[in-house]
Amino acid sequence: MTPREQEVLTLLADGASNQAIADALFITPNTAKRHVKHILGKLDATNRIQAVLRARELHVLSLHP
């Protein structure tokens, strides 16, 4: 997982939309969407929730409040 994908994954865990991710990281919504797609593929997930759960299982995403 790239450092940028890690940032996107953290925002996904917070429930951020593609637009919110784009705004937070100063990227376009299409770039955010592409990062999300790559994350889903790398984690073998079909949706955002599954990706976050899988990332936590694999200790790619730490639990945070």
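Please refer to the structure placed before this passage.
Thresholds applied
- Residues numbered from 1 in each chain as written.
- Predicted model: local features only at pLDDT ≥ 70, side-chain atom pairs only at ≥ 80, totals over all residues.
- Heavy atoms only, no water.
- Helix = DSSP H or I, 4+ residues; strand = E, 2+ residues; numbered from the N terminus.
- Buried < 20%, exposed > 50% of the residue type's maximum accessible area, 1.4 Å probe, protein only.
- Axes fitted to C-alpha atoms, helices over the stretch in contact; angles between N-to-C directions.
- Parallel < 35°, antiparallel > 145°, perpendicular 65-115°, else oblique.
- Contact = heavy atoms within 4.5 Å.
- Nonpolar A, V, L, I, M, F, W, Y, C, P; charged D, E, K, R; others polar.
- Salt bridge = Lys/Arg side-chain N within 4 Å of Asp/Glu carboxyl O.

(A) Geometry of the environment of Asp-14. For Asp-14, the position within the fold is in the loop between helix 1 (3-13) and helix 2 (18-25). The exposed category is assigned to Asp-14, whose relative accessible area is 52%. C-alpha of Asp-14 to C-alpha of Val-52: the two residues are 38 residues apart in sequence and 9.5 Å apart in space.

(B) Representation of the packing of helix 2 against helix 3 (residues 29-42) within the structure. The contact between helix 2 and helix 3 brings their axes to 8 Å, and the two run at 110°. Taken together, helix 2 and helix 3 sit at an angle that is classed as roughly perpendicular. Where helix 2 approaches helix 3, its residues Asn-18, Gln-19, Ile-21 and Ala-22 are matched on the opposing element by Pro-29, Ala-32, Lys-33 and Val-36. Of the residues belonging to the contact of helix 2 with helix 3, the class tally is 5 nonpolar, 2 polar and 1 charged.

(C) Representation of the pattern of salt bridges. This model, assessed by the stated rule, comprises 3 salt bridges. Where Arg-4 meets Glu-7, a salt bridge forms, and the shortest distance between an N and an O atom there is 2.9 Å. With Arg-4 and Glu-7 both in helix 1 and 3 residues apart, this pair spans about one turn of that helix. When the shortest N-O distance is used, the salt bridge between Lys-42 and Glu-5 registers 2.7 Å. Placement of the pair is Lys-42 in helix 3 and Glu-5 in helix 1, with a sequence separation of 37 residues. Look at Lys-42 and you get partly exposed, because its relative accessible area is 48%. The buried category is assigned to Glu-5, whose relative accessible area is 4%.

(D) Local environment of unusual backbone geometry. Positive phi, close to 55°, is recorded for Phe-26, a residue that is not glycine. Mapping Phe-26 onto the fold places it in the loop between helix 2 and helix 3. When its relative accessible area of 76% is taken as the criterion, Phe-26 is described as exposed. For Asp-44, which is not a glycine, the phi torsion comes out positive at approximately 55°. Mapped onto the fold, Asp-44 is located in the loop between helix 3 and helix 4 (48-57).

The quantities given are spatial measurements derived from coordinates; they are silent on function.
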